[in-house]
Amino acid sequence: MKEIIVCDSKGIIYDGRADLNEFKAQLAKATNRAKRKGNLKDALDGADAFIGVSTGNLLKADDLRSMNKEAIIFAMANPVPEIMPQEASKVAAVVGTGRSDFQNQINNSLVFPGVFRGALDAKAVLINNEMKIAAAHALANCINPASDRILPYTLDKQVAQKVAEAVKNAAIETDAVRK
Amino acid sequence: MDIKESALKLHKENKGKLATKSKVSVKTKEDLSLVYTPGVAEVCREIAADKSAIYDYTMKSNSVAVVTDGSAVLGLGNIGAEASLPVMEGKCVLFKELADIDAFPICIKTQDENEIINIVKNIATVFGGINLEDISAPRCFKIEEALLDIGIPVMHDDQHGSAIAILAALMNAAKVVNKRIDDLKVVINGAGAAGTAIAKLLLCMGHRQKHMHFCEGDNSLRQQRHYLRWKS
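All figures in this text were calculated on a predicted structure; none of them were measured in a lab.

Undergrad: Requested: an account of the overall build of chain A, with residues and values cited.
TA: Looking only at helices and strands, one finds six helices and five strands in chain A. Within the span of chain A, comprising 179 residues, buried residues form 58% of the whole. Accessible surface computed for chain A: about 7700 Å², of which carbon and sulfur atoms make up 46%. Of the side chains in chain A, 24 bear a positive and 21 a negative charge, and the two mean positions are spaced by 3 Å.

Undergrad: Can you break down the packing of aromatic side chains residue by residue, with the values?
TA: Per the counting criterion, the structure on display carries three aromatic pairs over all chains. Taken together, a centroid distance of 5.5 Å and an interplanar angle of 80° make the contact between Phe 116 of chain A and Phe 95 of chain B edge-to-face. Separated into two different chains, Phe 116 of chain A in helix α4 (residues 112-122) and Phe 95 of chain B in helix α5 (residues 80-99) make up a pair that spans both. Residue classification places Phe 116 of chain A among the buried residues on the basis of a relative accessible area of 0%.

Undergrad: Account for the side chain of Arg 117 of chain A, naming residues and giving values.
TA: Looking at where Arg 117 of chain A falls in the secondary structure, it is placed in helix α4. For Arg 117 of chain A, a relative accessible area of 16% corresponds to the buried category. Non-local contacts of Arg 117 of chain A, meaning those with residues more than four positions away in its chain, are made with Ala 164 of chain A together with Asn 62, Ala 99, Asp 100 and Ile 101 of chain B.

Undergrad: A description of helix α1 (residues 22-30) of chain A should follow, citing residues and the corresponding values.
TA: Given 3.6 residues per helical turn, the α-helix brings residues three or four places apart onto the same face. All names here are of chain A. Inspection of α1 places Phe 23, Leu 27, Ala 28 and Ala 30 among the buried residues, and these make up the whole buried set. Where α1 begins, one side-chain oxygen reaches toward the backbone nitrogen of Phe 23, 2.9 Å away; that side chain belongs to Asn 21. The positive-phi residue at the C-terminal boundary of α1 is Asn 32, with phi of around 50°.

Undergrad: A description of the environment of Ser 147 of chain A should follow, citing residues and the corresponding values.
TA: The topology assignment puts Ser 147 of chain A in the loop between α5 (129-140) and α6 (157-173). Discounting residues that sit within four places of it in the chain, Ser 147 of chain A has contacts with Ala 93, Val 94, Gln 103 and Asn 104 of chain A together with Val 176 of chain B.

Undergrad: Please provide a residue-by-residue account of α4 of chain A, values included.
TA: Residue and element names in this part refer to chain A. Summarising burial for α4: 10 of the 11 residues are buried, a large majority. The complete set of buried residues in α4 reads Phe 112, Pro 113, Gly 114, Val 115, Phe 116, Arg 117, Gly 118, Ala 119, Leu 120 and Ala 122. Backbone geometry just after α4 places Lys 123 at a positive phi near 60°.

Undergrad: Which residues make up the packing of helix α6 (residues 113-123) of chain B against helix α7 (residues 139-147) of chain B, and what values do they have?
TA: All names here are of chain B. The N-to-C vectors of α6 and α7 enclose an angle of 35°; their axes lie 10 Å apart at closest approach. As for how α6 packs across α7, the hand of that crossing is right-handed. Two secondary-structure elements touch here, α6 through Glu 113, Asn 114, Ile 116, Ile 117, Val 120 and Lys 121 and α7 through Arg 139, Lys 142, Ile 143, Ala 146 and Leu 147. By residue class, the composition of the contact of α6 with α7 is six nonpolar, one polar and four charged.

Undergrad: Would you mind going over the interface of chain A and chain B in detail, with residue names and values included?
TA: Each side of the interface is counted separately: chain A has 81 residues, and chain B has 81 residues. In total, chain A and chain B occlude about 7200 Å² of area from one another, counting both sides; carbon and sulfur atoms represent 67% of this. Sorting the residues of chain A by area buried against chain B places Met 1, Ile 51 and Phe 116 of chain A first, and these three jointly supply 12% of that buried surface. For the interface between chain A and chain B, the tally reads one salt bridge. Across the contact surface, chain A and chain B share 26 residue pairs in polar contact (both at pLDDT 80 or more).

Undergrad: Explain the domain arrangement of chain A to me, and be specific about the residues and the numbers.
TA: Splitting chain A by domain gives domain 1 (7-97) and domain 2 (108-173). Placing the centre of domain 1 of chain A and that of domain 2 of chain A at their C-alpha centroids yields a distance of 26 Å.

Undergrad: Account for the pattern of salt bridges, naming residues and giving values.
TA: Residues and elements named next belong to chain A. The tally for this structure, following the rule as stated, stands at 23 salt bridges over all chains. The salt bridge partner of Arg 17 is Asp 8, with a shortest N-O separation of 2.7 Å. Assessed through its relative accessible area of 11%, Arg 17 is described here as buried. A salt bridge links Lys 24 to Asp 8; the shortest N-O distance between them is 3.1 Å. Placement of Lys 24 in helix α1 and of Asp 8 in strand β1 (residues 3-8) is noted, with a sequence separation of 16 residues between them. Residues participating in the shared-partner salt-bridge network are Asp 8, Lys 10, Arg 17, Asp 19 and Lys 24.

Undergrad: Describe the pairing of strand β2 (residues 102-107) of chain B, and please don't skip the residues or the numbers.
TA: Residues and elements named next belong to chain B. Inspection of the sheet shows strand β1 (residues 63-68) paired to β2 by six bridges, in the parallel sense. Bridged to Ala 65 within β2 is Phe 104. In this fold, the crossover linking β1 to β2 by way of α5 has right-handed handedness.

Undergrad: Now, about the sheet that holds strand β4 (residues 154-156) of chain B: what can you tell me, with residues and values included?
TA: Residues and elements named next belong to chain B. In space, the four strands of this open sheet follow the order β2-β1-β3-β4, with parallel pairing throughout. The sheet is open, and its two edges are formed by β2 and β4, each paired on a single side. Strand-to-strand twist in this sheet, taken as the mean axis angle between neighbours without regard to direction, amounts to 20°. As paired strands, strand β3 (residues 129-132) and β4 are joined by three bridges and run parallel to one another.

What counts, and where the lines are drawn
- Residues numbered from 1 in each chain as written.
- Chains lettered and ligands numbered in written order.
- Predicted model: local features only at pLDDT ≥ 70, side-chain atom pairs only at ≥ 80, totals over all residues.
- Heavy atoms only, no water.
- Helix = DSSP H or I, 4+ residues; strand = E, 2+ residues; numbered from the N terminus.
- Buried < 20%, exposed > 50% of the residue type's maximum accessible area, 1.4 Å probe, protein only.
- Areas by Shrake-Rupley, 256 points an atom, 1.4 Å probe, with all protein chains shown as cover.
- Lys, Arg positive; Asp, Glu negative; His and termini not counted.
- Charge placed at Lys NZ, Arg CZ, Asp CG, Glu CD.
- Phe/Tyr/Trp six-rings, centres within 6.5 Å; stacked < 30°, edge-to-face > 60°.
- Contact = heavy atoms within 4.5 Å.
- Polar contact = N/O pair within 3.5 Å; in protein donor to acceptor, adjacent residues only side chain to side chain.
- Axes fitted to C-alpha atoms, helices over the stretch in contact; angles between N-to-C directions.
- Left-handed = near helix turned anticlockwise from the far one by under 90°.
- Nonpolar A, V, L, I, M, F, W, Y, C, P; charged D, E, K, R; others polar.
- Buried area = accessible area lost by both parts, 1.4 Å probe.
- Salt bridge = Lys/Arg side-chain N within 4 Å of Asp/Glu carboxyl O.
- Domains from an automatic or database assignment.
- Pairing = 2+ DSSP bridges.
- Right-handed = clockwise from strand over helix to strand, strands pointing away.

In C-alpha coordinates:
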(Lines give C-alpha, C1' and ligand atoms only; values in the text may rest on other atoms or scores of the structure.)
Protein backbone atom coordinates (compact mmCIF):
# COMPACT_ATOMS: atom_id res chain seq x y z
CA MET A 1 0.00 0.00 0.00
CA LYS A 2 1.35 3.40 -0.92
CA GLU A 3 -0.73 5.17 1.67
CA ILE A 4 -3.45 4.28 4.15
CA ILE A 5 -5.72 6.86 5.69
CA VAL A 6 -8.24 5.86 8.36
CA CYS A 7 -11.24 8.02 9.16
CA ASP A 8 -13.69 7.77 12.03
CA SER A 9 -16.94 9.65 12.54
CA LYS A 10 -14.96 12.81 13.34
CA GLY A 11 -12.85 12.70 10.18
CA ILE A 12 -9.29 11.78 9.27
CA ILE A 13 -7.25 10.14 12.03
CA TYR A 14 -3.82 11.79 12.30
CA ASP A 15 -0.98 11.61 14.75
CA GLY A 16 -1.63 14.19 17.44
CA ARG A 17 -5.41 14.42 17.09
CA ALA A 18 -6.57 15.21 20.60
CA ASP A 19 -9.54 12.87 21.02
CA LEU A 20 -7.99 9.51 20.04
CA ASN A 21 -8.21 6.45 22.28
CA GLU A 22 -5.07 4.30 22.62
CA PHE A 23 -6.00 2.09 19.67
CA LYS A 24 -6.72 4.95 17.30
CA ALA A 25 -3.55 6.72 18.47
CA GLN A 26 -1.60 3.60 17.52
CA LEU A 27 -3.29 3.63 14.08
CA ALA A 28 -2.51 7.34 13.67
CA LYS A 29 1.21 6.69 14.12
CA ALA A 30 1.32 3.97 11.48
CA THR A 31 -0.98 5.50 8.83
CA ASN A 32 -1.44 8.87 7.13
CA ARG A 33 2.25 9.71 6.85
CA ALA A 34 1.43 13.06 5.22
CA LYS A 35 -0.60 13.90 8.35
CA ARG A 36 -3.57 14.99 6.31
CA LYS A 37 -6.49 16.46 8.22
CA GLY A 38 -10.10 17.00 7.30
CA ASN A 39 -13.20 14.93 6.67
CA LEU A 40 -13.85 11.76 4.70
CA LYS A 41 -14.34 13.67 1.46
CA ASP A 42 -10.94 15.33 1.90
CA ALA A 43 -9.39 11.91 2.48
CA LEU A 44 -10.83 10.58 -0.78
CA ASP A 45 -9.00 13.19 -2.84
CA GLY A 46 -6.39 11.24 -4.82
CA ALA A 47 -7.31 7.84 -3.35
CA ASP A 48 -7.48 4.62 -5.38
CA ALA A 49 -9.70 2.66 -3.03
CA PHE A 50 -12.38 3.34 -0.43
CA ILE A 51 -13.14 0.72 2.21
CA GLY A 52 -16.23 1.58 4.23
CA VAL A 53 -16.85 -0.32 7.46
CA SER A 54 -18.97 2.35 9.07
CA THR A 55 -22.60 3.42 8.57
CA GLY A 56 -24.97 3.73 5.65
CA ASN A 57 -25.57 6.54 3.19
CA LEU A 58 -22.46 8.65 3.74
CA LEU A 59 -21.41 9.30 0.15
CA LYS A 60 -22.76 10.35 -3.24
CA ALA A 61 -21.22 9.66 -6.62
CA ASP A 62 -19.95 13.24 -6.77
CA ASP A 63 -17.92 12.65 -3.61
CA LEU A 64 -15.92 10.01 -5.48
CA ARG A 65 -14.96 12.22 -8.42
CA SER A 66 -11.79 13.47 -6.71
CA MET A 67 -10.53 9.88 -6.44
CA ASN A 68 -8.01 8.50 -8.92
CA LYS A 69 -9.28 6.93 -12.13
CA GLU A 70 -10.56 3.35 -11.96
CA ALA A 71 -11.56 3.76 -8.32
CA ILE A 72 -12.35 0.75 -6.12
CA ILE A 73 -15.29 1.13 -3.71
CA PHE A 74 -16.06 -1.38 -0.98
CA ALA A 75 -19.10 -0.12 0.90
CA MET A 76 -19.44 -2.74 3.62
CA ALA A 77 -21.86 -1.13 6.10
CA ASN A 78 -24.83 -3.38 6.84
CA PRO A 79 -27.61 -3.41 5.99
CA VAL A 80 -27.32 -0.04 4.18
CA PRO A 81 -23.93 0.51 2.48
CA GLU A 82 -21.99 3.80 2.73
CA ILE A 83 -22.99 4.36 -0.89
CA MET A 84 -25.41 2.24 -2.90
CA PRO A 85 -23.69 0.22 -5.66
CA GLN A 86 -25.67 1.77 -8.50
CA GLU A 87 -24.64 5.22 -7.26
CA ALA A 88 -20.97 4.29 -6.76
CA SER A 89 -20.82 2.66 -10.20
CA LYS A 90 -21.40 6.03 -11.84
CA VAL A 91 -17.79 6.84 -10.95
CA ALA A 92 -16.00 3.69 -9.71
CA ALA A 93 -14.63 0.78 -11.74
CA VAL A 94 -15.15 -1.92 -9.10
CA VAL A 95 -17.84 -1.84 -6.42
CA GLY A 96 -18.41 -4.34 -3.64
CA THR A 97 -20.64 -4.54 -0.56
CA GLY A 98 -21.35 -6.95 2.27
CA ARG A 99 -24.76 -7.85 0.85
CA SER A 100 -25.73 -10.98 -1.01
CA ASP A 101 -28.29 -9.19 -3.19
CA PHE A 102 -25.66 -7.09 -5.00
CA GLN A 103 -22.71 -8.26 -7.09
CA ASN A 104 -19.30 -8.57 -5.41
CA GLN A 105 -20.39 -9.64 -1.96
CA ILE A 106 -17.42 -9.42 0.40
CA ASN A 107 -18.29 -11.63 3.33
CA ASN A 108 -16.27 -13.24 6.09
CA SER A 109 -18.06 -16.54 5.49
CA LEU A 110 -15.45 -16.91 2.75
CA VAL A 111 -12.76 -16.75 5.40
CA PHE A 112 -13.45 -18.06 8.89
CA PRO A 113 -14.24 -21.71 8.02
CA GLY A 114 -11.03 -22.14 6.05
CA VAL A 115 -8.87 -20.19 8.50
CA PHE A 116 -9.93 -22.34 11.45
CA ARG A 117 -9.81 -25.56 9.39
CA GLY A 118 -6.23 -24.73 8.41
CA ALA A 119 -5.27 -23.69 11.94
CA LEU A 120 -6.71 -26.88 13.44
CA ASP A 121 -5.10 -29.09 10.78
CA ALA A 122 -1.71 -27.44 11.32
CA LYS A 123 -2.07 -27.77 15.11
CA ALA A 124 -1.50 -24.02 15.24
CA VAL A 125 -1.20 -22.29 18.60
CA LEU A 126 -2.39 -18.97 17.20
CA ILE A 127 -3.36 -17.20 13.99
CA ASN A 128 -0.55 -14.86 12.95
CA ASN A 129 -0.30 -12.22 10.22
CA GLU A 130 1.40 -14.60 7.81
CA MET A 131 -1.52 -17.00 8.11
CA LYS A 132 -4.01 -14.19 7.53
CA ILE A 133 -2.16 -12.90 4.46
CA ALA A 134 -1.86 -16.45 3.09
CA ALA A 135 -5.61 -16.83 3.57
CA ALA A 136 -6.24 -13.63 1.60
CA HIS A 137 -3.98 -14.76 -1.26
CA ALA A 138 -5.65 -18.17 -1.38
CA LEU A 139 -9.11 -16.62 -1.39
CA ALA A 140 -8.16 -14.15 -4.14
CA ASN A 141 -6.64 -16.94 -6.22
CA CYS A 142 -9.86 -18.98 -6.17
CA ILE A 143 -11.11 -17.14 -9.26
CA ASN A 144 -10.06 -15.15 -12.29
CA PRO A 145 -11.44 -11.79 -11.25
CA ALA A 146 -13.66 -9.53 -13.33
CA SER A 147 -15.19 -6.20 -12.33
CA ASP A 148 -18.47 -7.90 -11.45
CA ARG A 149 -16.87 -10.93 -9.82
CA ILE A 150 -13.90 -10.21 -7.58
CA LEU A 151 -14.52 -13.02 -5.08
CA PRO A 152 -15.93 -16.53 -5.34
CA TYR A 153 -19.47 -17.44 -4.37
CA THR A 154 -19.89 -17.44 -0.60
CA LEU A 155 -21.07 -21.04 -0.35
CA ASP A 156 -18.45 -22.49 -2.71
CA LYS A 157 -17.06 -25.36 -0.60
CA GLN A 158 -13.74 -25.40 -2.43
CA VAL A 159 -12.95 -21.97 -1.01
CA ALA A 160 -12.62 -23.19 2.57
CA GLN A 161 -10.40 -26.05 1.42
CA LYS A 162 -8.06 -23.76 -0.48
CA VAL A 163 -7.93 -21.21 2.32
CA ALA A 164 -7.32 -24.00 4.85
CA GLU A 165 -4.43 -25.41 2.86
CA ALA A 166 -2.74 -22.01 2.61
CA VAL A 167 -3.29 -21.22 6.30
CA LYS A 168 -1.96 -24.62 7.32
CA ASN A 169 1.19 -24.17 5.22
CA ALA A 170 1.77 -20.66 6.57
CA ALA A 171 1.36 -21.88 10.15
CA ILE A 172 3.93 -24.60 9.60
CA GLU A 173 6.34 -22.28 7.76
CA THR A 174 6.20 -19.69 10.54
CA ASP A 175 6.49 -22.40 13.16
CA ALA A 176 3.27 -21.36 14.87
CA VAL A 177 2.40 -24.97 15.67
CA ARG A 178 2.44 -27.41 18.56
CA LYS A 179 5.24 -29.90 18.52
CA MET B 1 -44.00 -15.33 3.01
CA ASP B 2 -41.26 -12.70 3.26
CA ILE B 3 -37.76 -13.33 4.54
CA LYS B 4 -38.57 -12.20 8.09
CA GLU B 5 -41.50 -14.57 8.45
CA SER B 6 -39.61 -17.41 6.78
CA ALA B 7 -36.65 -16.95 9.11
CA LEU B 8 -38.87 -16.97 12.20
CA LYS B 9 -40.63 -20.10 10.95
CA LEU B 10 -37.38 -21.94 10.21
CA HIS B 11 -35.96 -21.19 13.65
CA LYS B 12 -39.17 -21.98 15.52
CA GLU B 13 -39.90 -25.24 13.73
CA ASN B 14 -36.39 -26.54 14.34
CA LYS B 15 -36.01 -24.93 17.77
CA GLY B 16 -32.76 -23.43 16.58
CA LYS B 17 -30.32 -24.72 14.00
CA LEU B 18 -27.81 -26.81 15.87
CA ALA B 19 -27.65 -30.16 17.68
CA THR B 20 -24.81 -32.34 18.98
CA LYS B 21 -24.14 -35.73 17.47
CA SER B 22 -22.51 -38.87 18.84
CA LYS B 23 -19.66 -40.39 16.82
CA VAL B 24 -20.08 -43.85 18.39
CA SER B 25 -23.01 -46.15 18.96
CA VAL B 26 -24.05 -47.36 22.40
CA LYS B 27 -26.17 -50.44 21.90
CA THR B 28 -24.74 -52.98 24.34
CA LYS B 29 -23.31 -53.12 27.85
CA GLU B 30 -19.88 -53.58 26.28
CA ASP B 31 -20.32 -50.42 24.23
CA LEU B 32 -21.34 -48.60 27.38
CA SER B 33 -18.33 -49.81 29.31
CA LEU B 34 -16.03 -48.38 26.64
CA VAL B 35 -17.82 -45.11 25.98
CA TYR B 36 -18.41 -44.41 29.64
CA THR B 37 -17.27 -45.95 32.89
CA PRO B 38 -15.24 -48.04 33.50
CA GLY B 39 -13.40 -47.97 30.14
CA VAL B 40 -13.27 -44.22 29.84
CA ALA B 41 -11.19 -44.01 33.00
CA GLU B 42 -8.17 -45.36 31.16
CA VAL B 43 -8.45 -42.52 28.67
CA CYS B 44 -8.65 -40.04 31.54
CA ARG B 45 -5.47 -41.52 33.03
CA GLU B 46 -3.65 -41.11 29.72
CA ILE B 47 -4.61 -37.44 29.52
CA ALA B 48 -3.83 -36.85 33.20
CA ALA B 49 -0.33 -38.23 32.56
CA ASP B 50 0.16 -36.18 29.39
CA LYS B 51 -2.24 -33.29 28.89
CA SER B 52 -1.42 -32.96 25.19
CA ALA B 53 -3.05 -36.37 24.70
CA ILE B 54 -6.38 -34.53 24.97
CA TYR B 55 -5.92 -33.80 21.26
CA ASP B 56 -5.75 -37.51 20.44
CA TYR B 57 -8.49 -38.84 22.68
CA THR B 58 -11.22 -36.17 22.70
CA MET B 59 -13.26 -33.83 20.53
CA LYS B 60 -10.87 -30.93 21.21
CA SER B 61 -8.87 -31.18 17.98
CA ASN B 62 -11.87 -30.41 15.79
CA SER B 63 -13.97 -28.12 17.96
CA VAL B 64 -14.26 -24.35 17.96
CA ALA B 65 -16.14 -22.16 20.43
CA VAL B 66 -18.01 -19.24 18.93
CA VAL B 67 -17.89 -16.78 21.82
CA THR B 68 -19.82 -13.54 22.13
CA ASP B 69 -21.08 -11.16 24.78
CA GLY B 70 -23.80 -9.87 22.48
CA SER B 71 -22.39 -6.34 22.55
CA ALA B 72 -22.13 -5.65 18.79
CA VAL B 73 -24.38 -8.07 16.94
CA LEU B 74 -24.78 -7.61 13.17
CA GLY B 75 -26.10 -4.10 12.62
CA LEU B 76 -28.33 -4.52 15.69
CA GLY B 77 -25.86 -3.30 18.31
CA ASN B 78 -25.76 -4.30 21.97
CA ILE B 79 -28.68 -6.71 22.04
CA GLY B 80 -27.28 -8.96 24.78
CA ALA B 81 -26.31 -12.59 25.15
CA GLU B 82 -29.74 -14.21 24.63
CA ALA B 83 -30.58 -12.35 21.43
CA SER B 84 -27.16 -13.13 19.98
CA LEU B 85 -27.61 -16.91 20.10
CA PRO B 86 -29.33 -17.26 16.69
CA VAL B 87 -26.34 -15.56 15.04
CA MET B 88 -23.84 -17.77 16.87
CA GLU B 89 -25.80 -20.91 15.96
CA GLY B 90 -25.79 -19.78 12.35
CA LYS B 91 -22.04 -19.28 12.48
CA CYS B 92 -21.64 -22.79 13.89
CA VAL B 93 -23.75 -24.19 11.05
CA LEU B 94 -21.40 -22.54 8.54
CA PHE B 95 -18.35 -23.94 10.34
CA LYS B 96 -19.85 -27.41 9.98
CA GLU B 97 -21.16 -27.07 6.44
CA LEU B 98 -18.10 -25.37 4.95
CA ALA B 99 -15.21 -26.81 6.96
CA ASP B 100 -16.54 -29.80 8.91
CA ILE B 101 -15.64 -28.13 12.19
CA ASP B 102 -17.68 -28.92 15.33
CA ALA B 103 -18.48 -25.43 16.54
CA PHE B 104 -20.46 -24.54 19.64
CA PRO B 105 -22.10 -21.22 20.55
CA ILE B 106 -21.09 -19.60 23.85
CA CYS B 107 -23.08 -16.46 24.70
CA ILE B 108 -21.64 -14.90 27.84
CA LYS B 109 -23.92 -12.87 30.10
CA THR B 110 -21.29 -10.46 31.36
CA GLN B 111 -19.82 -7.60 29.32
CA ASP B 112 -16.94 -7.09 31.74
CA GLU B 113 -13.73 -7.54 29.74
CA ASN B 114 -11.73 -9.27 32.45
CA GLU B 115 -14.55 -11.65 33.23
CA ILE B 116 -14.89 -12.55 29.55
CA ILE B 117 -11.14 -13.13 29.31
CA ASN B 118 -11.21 -15.43 32.33
CA ILE B 119 -14.24 -17.35 31.11
CA VAL B 120 -12.69 -17.98 27.70
CA LYS B 121 -9.37 -19.05 29.26
CA ASN B 122 -11.16 -21.52 31.50
CA ILE B 123 -13.42 -23.08 28.89
CA ALA B 124 -10.60 -23.34 26.33
CA THR B 125 -9.89 -26.87 27.58
CA VAL B 126 -12.66 -28.26 25.41
CA PHE B 127 -11.87 -26.36 22.24
CA GLY B 128 -9.18 -26.44 19.56
CA GLY B 129 -9.90 -22.82 18.65
CA ILE B 130 -11.86 -19.77 19.79
CA ASN B 131 -13.80 -17.60 17.36
CA LEU B 132 -14.65 -14.34 19.10
CA GLU B 133 -17.74 -12.82 17.58
CA ASP B 134 -19.74 -9.61 17.71
CA ILE B 135 -17.84 -8.02 20.61
CA SER B 136 -17.79 -4.22 20.49
CA ALA B 137 -14.69 -2.09 19.85
CA PRO B 138 -12.44 -1.09 21.52
CA ARG B 139 -13.21 -3.82 24.11
CA CYS B 140 -12.60 -6.53 21.50
CA PHE B 141 -8.96 -5.45 21.08
CA LYS B 142 -8.13 -5.90 24.75
CA ILE B 143 -10.00 -9.19 24.99
CA GLU B 144 -8.33 -10.70 21.93
CA GLU B 145 -4.89 -9.47 22.95
CA ALA B 146 -5.25 -11.09 26.38
CA LEU B 147 -6.19 -14.40 24.78
CA LEU B 148 -3.45 -14.59 22.13
CA ASP B 149 -1.17 -16.77 24.22
CA ILE B 150 -3.60 -19.34 25.62
CA GLY B 151 -2.15 -22.04 23.37
CA ILE B 152 -5.01 -22.42 20.90
CA PRO B 153 -5.84 -20.16 17.95
CA VAL B 154 -8.06 -17.24 18.93
CA MET B 155 -9.49 -14.94 16.28
CA HIS B 156 -12.02 -12.14 16.53
CA ASP B 157 -13.82 -12.70 13.26
CA ASP B 158 -15.31 -9.21 12.99
CA GLN B 159 -11.74 -7.96 12.89
CA HIS B 160 -9.69 -10.50 11.03
CA GLY B 161 -12.24 -12.46 9.04
CA SER B 162 -13.47 -9.19 7.59
CA ALA B 163 -9.94 -7.89 7.05
CA ILE B 164 -8.87 -11.04 5.20
CA ALA B 165 -11.96 -11.00 2.96
CA ILE B 166 -11.43 -7.33 2.17
CA LEU B 167 -7.72 -7.81 1.48
CA ALA B 168 -8.54 -10.63 -0.96
CA ALA B 169 -11.18 -8.47 -2.62
CA LEU B 170 -8.70 -5.59 -2.86
CA MET B 171 -6.06 -7.86 -4.44
CA ASN B 172 -8.50 -8.95 -7.13
CA ALA B 173 -10.01 -5.50 -7.66
CA ALA B 174 -6.48 -4.14 -8.19
CA LYS B 175 -5.92 -6.85 -10.82
CA VAL B 176 -9.14 -5.83 -12.57
CA VAL B 177 -8.09 -2.18 -12.82
CA ASN B 178 -4.46 -3.03 -13.63
CA LYS B 179 -2.95 -1.39 -10.59
CA ARG B 180 -0.32 -2.87 -8.33
CA ILE B 181 -1.60 -3.38 -4.81
CA ASP B 182 1.60 -1.78 -3.50
CA ASP B 183 0.76 1.41 -5.40
CA LEU B 184 -2.72 1.88 -3.97
CA LYS B 185 -3.76 4.79 -1.82
CA VAL B 186 -6.47 3.43 0.42
CA VAL B 187 -9.03 5.24 2.57
CA ILE B 188 -10.66 3.22 5.34
CA ASN B 189 -13.78 4.75 6.87
CA GLY B 190 -14.57 3.35 10.31
CA ALA B 191 -12.01 2.74 13.04
CA GLY B 192 -13.89 0.03 14.88
CA ALA B 193 -13.11 -3.68 14.89
CA ALA B 194 -13.08 -4.22 11.13
CA GLY B 195 -11.50 -0.90 10.12
CA THR B 196 -8.64 -1.25 12.59
CA ALA B 197 -7.92 -4.84 11.58
CA ILE B 198 -7.93 -3.95 7.87
CA ALA B 199 -5.51 -1.09 8.43
CA LYS B 200 -3.19 -3.35 10.42
CA LEU B 201 -3.30 -6.16 7.89
CA LEU B 202 -2.59 -3.81 4.98
CA LEU B 203 0.29 -2.25 6.92
CA CYS B 204 1.83 -5.56 7.88
CA MET B 205 1.56 -6.76 4.32
CA GLY B 206 2.65 -3.71 2.36
CA HIS B 207 5.25 -2.07 4.53
CA ARG B 208 6.77 -4.94 6.34
CA GLN B 209 9.97 -3.22 7.28
CA LYS B 210 8.72 0.28 7.75
CA HIS B 211 5.88 -0.71 9.99
CA MET B 212 7.52 -3.58 11.75
CA HIS B 213 7.17 -1.78 15.08
CA PHE B 214 3.45 -1.67 14.50
CA CYS B 215 3.13 -5.34 13.65
CA GLU B 216 5.24 -6.22 16.65
CA GLY B 217 3.07 -4.07 18.83
CA ASP B 218 0.20 -6.08 17.47
CA ASN B 219 1.31 -9.61 18.10
CA SER B 220 4.67 -10.58 16.66
CA LEU B 221 6.67 -10.15 19.86
CA ARG B 222 3.99 -11.98 21.68
CA GLN B 223 4.17 -14.73 19.11
CA GLN B 224 7.92 -15.02 19.51
CA ARG B 225 7.64 -15.34 23.27
CA HIS B 226 4.88 -17.77 22.79
CA TYR B 227 6.72 -19.97 20.30
CA LEU B 228 9.67 -20.16 22.63
CA ARG B 229 7.47 -21.26 25.47
CA TRP B 230 5.68 -23.84 23.38
CA LYS B 231 8.78 -25.22 21.81
CA SER B 232 10.73 -25.53 25.05
